[in-house]
Amino acid sequence: MPPVTLLLASVLKPLDDTRMLGKFGRTLAGRPGTVVHVAGRAAAHPPDLPANLHVHELLRGTRLSLGRLKAQGRYWQLLRRLRPTVVFVHAPELLPATVLWQLCHPECRFVYDVRENYALNIRTQHVYPAWARSLLAGLVRHLESRAAARAAAVLLAERSYARELPFAAGTLADSFHPFANHQHPTPDNQKLILIIENKYQPPDPGPARYPRRLPAPTEPLRLVYSGTISELNGVWEALRFTEHLRTVWPLVHLTIIGACQQPELLVRLRAAVAAAGGRVTLIGGLELIPHVRVLAEIRRSHLGLLPYRPHPSTARCIPTKLFEYLGEALPLVLPPNPLWMELTEPAGAGLVFDFQQPHYLPATALAAALQTRSYYPLGVPPTVFWRQEAEKLNWLMDSIR
């Protein structure tokens, strides 16, 4: 019997992307008789890939380069060469080619993995000129809706997308817990809608240590800001918080690690890091950082910062880094977002702090609030790990084949 061939593809996500390769790819490669191919943006090839998990470059260069157009041709050639049984589309720009391929090859099934509310992001994040936002957002939403109607399944990375996205309307597979009782959708519900969150998949089986306490204010304190570097994600607030705490905790050091997609912001950030005189380290910038290096920095840190600015595109989403910080039992400081607090407060994971307030509370009070508490007294909540999401993914494959 020939193996089941799966293709997971995105243009901008790197080959070592935590969701596409680290979670989906490795989980699916664990299925007997399955060969998995992951296609994405050029990055260091992840180590220790199983023999049935392969990677392919679609884009080498920046998001605004001509290579992005050529990536469509590379993707089409990959479809022709691999002739996959199922395609997982992790980016809306690959939907047209995927739908065309599926029209030509009806035996091929495809799954659309919705990682962001792209139309909302285009309208609200001011990346594009004002005159183009509504046009682009409408175009993307129309493209997603048409493609979703042909997809074997639609996966949602956030629970809120089930309410926000019109093409995700309907009965969620989660509502009857198919991965627990092995029920299948009714015949008239051909399109599966399944929430698969960006929960944490540890690189090794070693348990995180707990409970955790911070060192004394006379000792070094390592702060970390990881992931996408942007104003919306609070990089300036991370610097402000660090400087404020340093007035009473002199050995505080902040590490900013991740990629920045805005060259103008990166110039200003490098100047701010240089002005900090060695008290702030920037790892990354324009280049992508291997996820194993990000996790290494998280593990050597004392405190994780999530200084996100309030914004419609992030208010109802759970950042991947929040699952990572929780999974590593890293004490954290987070804004008063009720959705995030539902995860952190039962675990005793950290301090809720309004990074946007014009005047911070006195640094002595802030240091005392951080240093006197015990974090993760009962350990890491099991709901932050990828294990249950992997069960959903395997159930999906059993259902659509």
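Preceding block: the structure.
Notes on the structure in this doc start here.

**Concerning the overall build of the protein**
- The helix and strand inventory of the protein stands at 14 helices and 13 strands.
- Taking 401 residues into account, the globule formula puts the C-alpha radius of gyration at 21 Å, and the protein, at 22 Å, falls close to it.
- For the C-alpha atoms alone, the extent of the protein along its principal axes is close to 65 × 45 × 40 Å.
- When the 401 residues of the protein are sorted by exposure, 54% land in the buried category.
- On the protein, roughly 18000 Å² of surface is accessible, and the fraction owed to carbon and sulfur atoms is 58%.
- Charge centroids of the protein, computed over 44 positive and 30 negative side chains, lie 4 Å from each other.

**Quick look at the pattern of salt bridges**
- Scanning the model with the defined rule gives 17 salt bridges in all.
- One salt bridge in this structure joins Glu243 and Arg246, with 2.4 Å as the shortest N-O distance. Of this pair, Glu243 and Arg246 both sit in helix α8 (residues 235-246), three residues apart, which is roughly one turn of that helix.
- Taking the relative accessible area as the measure of exposure, Glu243 reaches 35% and is therefore partly exposed.
- Here Arg299 ties to Glu328 by a salt bridge, and the two come within 3.0 Å at their closest N and O atoms. In this pair, Arg299 sits in helix α10 (residues 291-299) while Glu328 sits in the loop between α11 (320-327) and β12 (332-334), placing the two residues 29 residues apart along the sequence.
- A relative accessible area of 12% places Glu328 in the buried class.
- Through salt bridges with shared partners, a single ionic network connects Arg159, Glu197, Lys199, Glu389 and Lys392.

**Considerations on the nonpolar core**
- Core analysis: the largest hydrophobic core is formed by 60 residues, its most contacted members being Phe241, Leu245, Leu254, Ile256, Leu332 and Leu370.
- Per-element accounting of this core gives the leading share, five residues, to α8.
- Look past the residues within four positions of Leu370 in its chain and what remains in contact with it is Leu214, Phe241, Leu245, Leu303, Val333, Leu351 and Tyr375.
- Val11, Leu79, Tyr112 and Val140 belong to the second largest nonpolar core, which has 40 residues in total.

**A look at the packing of α8 against helix α13 (residues 363-371)**
- Running from N to C, α8 and α13 point in directions that differ by 100 degrees, and their axes come no closer than 8 Å. Comparing the axis directions of α8 and α13 gives the class roughly perpendicular. Residues Phe241, His244 and Leu245 of α8 form the contact with α13, whose own contacting residues are Ala363, Leu366, Ala367 and Leu370.
- When its residues are assigned to classes, the contact of α8 with α13 shows six nonpolar, one polar and no charged.

**Focus on the packing of helix α3 (residues 95-104) against helix α5 (residues 130-150)**
- At a minimum axis distance of 10 Å, the contact between α3 and α5 shows a crossing angle of 30 degrees. Comparing the axis directions of α3 and α5 gives the class roughly parallel. For the pair α3 and α5, the crossing hand works out as left-handed. Of the residues in α5, those touching α3 at Leu95, Pro96, Val99, Gln102 and Leu103 are Leu143, Glu144, Ala147 and Arg150.

**Looking at the packing of aromatic side chains**
- Scanning all chains against the criterion turns up 10 aromatic pairs.
- An angle of 80 degrees between the planes, with centres 6.1 Å apart, marks the rings of Phe24 and Phe88 as edge-to-face. Separated by 64 residues along the polypeptide, Phe24 in helix α1 (residues 18-29) and Phe88 in strand β4 (residues 86-89) bring together distant segments of the chain. Here the two residues Phe24 and Phe88 agree in accessibility, since each one is buried.
- Residues Trp76 and Trp101 carry aromatic rings whose centres are separated by 5.5 Å and whose planes lie at 85 degrees to one another, so their mutual orientation is edge-to-face. Here the residue Trp76 occupies a position in helix α2 (residues 67-82), and Trp101 occupies one in helix α3, the gap between them amounting to 25 residues.
- Relative accessible area serves as the criterion here: at 24%, Trp76 is assigned to the partly exposed category.
- With a relative accessible area of 4%, Trp101 lands in the buried category.
- A connected cluster of aromatic rings, assembled from ring pairs, spans Phe241, Phe353, Phe355 and Tyr360.
- The lysine or arginine in question, Arg240, covers the ring of Tyr360, its NZ or CZ lying 3.7 Å from the ring centre.

**Concerning the sheet that holds strand β11 (residues 303-305)**
- Strand order in the open sheet made by the six strands is β10-β9-β8-β11-β12-β13, with parallel pairing throughout. Each of the sheet's edge strands pairs with one partner strand only, and the pair in question is β10 (280-285) and β13 (350-352). The average undirected angle you get between the axes of adjacent strands in this sheet is 20 degrees.
- Looking at chain direction, strand β9 (residues 252-259) and β10 are connected through six bridges and run parallel. The residue of β10 that forms the bridge with Ile257 is Ile283.
- Across the sheet, helix α9 (residues 263-275) lies against β9 and β10, angled at about 155 degrees from β10, the strand it touches most.

**Details of the side chain of Arg133**
- Mapped onto the fold, Arg133 is located in helix α5.
- Look at Arg133: it is buried, it has no salt bridge, and the nearest opposite charge is Glu231 at 12 Å.
- Setting aside its immediate chain neighbours within four residues, Arg133 contacts Ile122, Arg123, His126 and Tyr128.

**Thoughts on the side chain of His302**
- Looking at the secondary structure, you find His302 in the loop between α10 and β11.
- With residues up to four places along the chain from it excluded, the contact list for His302 reads Leu214, Pro215, Pro220, Leu221, Arg222, Leu330 and Pro331.

Quick notes on the rules
- Residues numbered from 1 in each chain as written.
- Predicted model: local features only at pLDDT ≥ 70, side-chain atom pairs only at ≥ 80, totals over all residues.
- Heavy atoms only, no water.
- Helix = DSSP H or I, 4+ residues; strand = E, 2+ residues; numbered from the N terminus.
- Rg over C-alpha atoms; globule rule 2.2 N^0.38 Å.
- Buried < 20%, exposed > 50% of the residue type's maximum accessible area, 1.4 Å probe, protein only.
- Areas by Shrake-Rupley, 256 points an atom, 1.4 Å probe, with all protein chains shown as cover.
- Lys, Arg positive; Asp, Glu negative; His and termini not counted.
- Charge placed at Lys NZ, Arg CZ, Asp CG, Glu CD.
- Salt bridge = Lys/Arg side-chain N within 4 Å of Asp/Glu carboxyl O.
- Core = buried A, V, L, I, M, F, W, Y, C linked by side-chain atoms within 4.5 Å.
- Contact = heavy atoms within 4.5 Å.
- Axes fitted to C-alpha atoms, helices over the stretch in contact; angles between N-to-C directions.
- Parallel < 35°, antiparallel > 145°, perpendicular 65-115°, else oblique.
- Nonpolar A, V, L, I, M, F, W, Y, C, P; charged D, E, K, R; others polar.
- Left-handed = near helix turned anticlockwise from the far one by under 90°.
- Phe/Tyr/Trp six-rings, centres within 6.5 Å; stacked < 30°, edge-to-face > 60°.
- Lys NZ or Arg CZ within 6 Å of the ring centre and 35° of its normal.
- Pairing = 2+ DSSP bridges.

Purely geometric numbers; function is a separate question.
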